Amino acid sequence: MHKITIAIDGYSSTGKSTVAKQLADWLEYVYVDTGAMYRAVTLYAMRTKMIAEGKVDTPKLIAALPQINLQFKREGGAKAEIHLNGENVEKDIRHLNVSEYVSPVATISEVRRKLVEQQQQMGEGKGVVMDGRDIGTVVFPNAELKIFMTASAEQRAQRRYNELLERGDTVTYQEVLENVLERDHIDSTRKDSPLRKAKDAIEIDNSEMNLEDQFHTILQLAKDRI
Ligand code: C5P
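So, how was this worked out
- Residues numbered from 1 in each chain as written.
- Predicted model: local features only at pLDDT ≥ 70, side-chain atom pairs only at ≥ 80, totals over all residues.
- Heavy atoms only, no water.
- Core = buried A, V, L, I, M, F, W, Y, C linked by side-chain atoms within 4.5 Å.
- Buried < 20%, exposed > 50% of the residue type's maximum accessible area, 1.4 Å probe, protein only.
- Helix = DSSP H or I, 4+ residues; strand = E, 2+ residues; numbered from the N terminus.
- Contact = heavy atoms within 4.5 Å.
- Polar contact = N/O pair within 3.5 Å; in protein donor to acceptor, adjacent residues only side chain to side chain.
- pLDDT = per-residue confidence, 0-100.
- UniProt positions renumbered as here; feature names shortened; annotations may be inferred.
- Pairing = 2+ DSSP bridges.
- Axes fitted to C-alpha atoms, helices over the stretch in contact; angles between N-to-C directions.
- Expected span 1.5 Å × (residues − 1).
- Arc of directions from axis to C-beta.
- Parallel < 35°, antiparallel > 145°, perpendicular 65-115°, else oblique.
- Left-handed = near helix turned anticlockwise from the far one by under 90°.

Enquirer: Pulling in residues and values, what's your account of the nonpolar core?
Expert: Formed by 35 residues in total, the largest nonpolar core has its most connected members in Val-41, Leu-61, Ile-68, Leu-70, Ile-82 and Val-111. Where this core is concerned, the elements lending two or more residues are helix H2 (34-47), helix H3 (58-64), strand S6 (81-84), helix H4 (96-105), helix H5 (109-122), strand S8 (128-132) and helix H6 (135-139). It is H2 that contributes the most residues to this core, 8 residues altogether. Residues in contact with Ile-68, not counting those within four places in the same chain, are Val-41, Tyr-44, Leu-61, Leu-84, Asn-85 and Lys-114. Counting residues in hydrophobic clusters, the runner-up holds 20 residues, among them Ile-6, Val-19, Tyr-31 and Ile-147.

Enquirer: Give a description of the side chain of Arg-94 that names residues and reports values.
Expert: When you line up the elements, Arg-94 lands in the loop between strand S7 (87-88) and H4. Of the polar contacts made by the side chain of Arg-94, one reaches the side chain of Asp-33; its length is 3.0 Å. When sequence neighbours within four positions are dropped, the list of residues in contact with Arg-94 reads Asp-33, Ala-36, Arg-39, Lys-79, Ser-99, Leu-164 and Arg-167.

Enquirer: Explain the confidence of the model for the chain to me, using residue names and the numbers behind them.
Expert: Per-residue confidence for the chain gives a mean pLDDT of 95; residues scoring 70 or more make up 100%. The complex model carries a pTM of 0.96, and its ipTM stands at 0.99.

Enquirer: Explain the UniProt feature "binding site: ATP" (unreviewed entry) in the chain residue by residue, including any values.
Expert: According to UniProt, the positions carrying the feature "binding site: ATP" (unreviewed entry) are Gly-10, Tyr-11, Ser-12, Ser-13, Thr-14, Gly-15, Lys-16, Ser-17 and Thr-18. Relative to the assigned elements, Gly-10 resides in strand S1 (residues 5-10). Non-local contacts of Gly-10, meaning those with residues more than four positions away in its chain, are made with Lys-16, Gly-132, Arg-133, Phe-148, Met-149 and Leu-195. Among the secondary structure elements, Thr-18 is positioned in helix H1 (residues 16-27).

Enquirer: Explain the sheet that holds strand S2 (residues 30-33) residue by residue, including any values.
Expert: The strand order across the open sheet formed by 5 strands is S2-S8-S1-S9-S10, and the pairing between neighbours is parallel. A single partner strand is all that each edge strand has here, and the edge strands are S2 and strand S10 (202-205). Geometrically, the sheet is characterised by an average inter-axis angle of 20° between neighbouring strands, direction not taken into account. Where S2 and S8 come together, 4 bridges link them in parallel fashion. By the bridge assignment for S8, Tyr-31 is matched with Val-129. Strand contacts of H2: S2 and S8, with the helix running at about 40° to S2, the strand carrying the most contacts.

Enquirer: Any chance you could break down H1 for me, citing the residues and the numbers?
Expert: Compared with the 16 Å implied by 1.5 Å per residue over 12 residues, the 16 Å span of H1 between its first and last C-alpha is a close match. Along H1, the residues that are buried comprise Lys-16, Val-19, Ala-20, Leu-23, Ala-24 and Leu-27. For H1, the arc enclosing every buried residue in end-on projection is 135°, short of the 170-degree limit, so these residues lie on one face. Where H1 is buried, its residues meet S1, S2, S8, strand S9 (145-150) and helix H9 (211-223). Phi turns positive one or two residues past the end of H1, at Glu-28, with a value near 60°.

Enquirer: Lay out the packing of H4 against helix H8 (residues 173-189) in plain terms, naming residues and giving numbers.
Expert: Taken N-terminus to C-terminus, the directions of H4 and H8 make an angle of 15°; their axes are 9 Å apart at the nearest point. Taken together, H4 and H8 sit at an angle that is classed as roughly parallel. As for how H4 packs across H8, the hand of that crossing is left-handed. Contacts between H4 and H8 involve Leu-96, Ser-99, Glu-100, Val-102, Ser-103 and Pro-104 from the first element and Glu-175, Asn-179, Arg-183, Ile-186 and Asp-187 from the second.

Here is the structure:
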């Protein structure tokens, strides 16, 4: 069967990854969570003390990029998980402290260049569902299907807050809301590859949609293009 590339972009915590994963499973496509890659680079920078007093040591991080190896590996679970230099860091990258620094790290062009190149390689053969901020605009500008997901900031913060609580994190709703707004601001105002809707992307506001509705809406759009 003819395979396509599906790009899902949008603001933080719009539920992109949940629906992207479902679609990839159904279509038997590869799913790539590009946010996990930026998060893993951020975790590396934090662990190696390149982030101190709220500031990223950009030259040091750029120099260390060749030492950062990212891979998605499936270890029996339903989803391929991100590995940083061989270590599964899927859980560690979700904490709020990583969320606080990931957007500044993602403004660094050298970081983006490295990750975009790897993302393009992963999607080379099509049959991929990739979610992020710049997939339809930069990584795969020729993707057959581009989705741009939105929802109110409060809804998004509530969803992320519930997720973090389920994982046992101790955070407040207010902290999560502030982080979501801060990341949206940095992501959409940065110079390199800012978050924006591609001209040919289909916008889906999922504030009032359940998961099933989102899945079926996007699946139908995909089927129309396969
Ligand atoms: O998708 P997630 O919320 O995990 O992404 C974390 C951060 O990584 C985003 O807020 C953004 O700063 C950055 N990112 C990016 N480009 C992508 C994916 C994520 O800049 N394609």
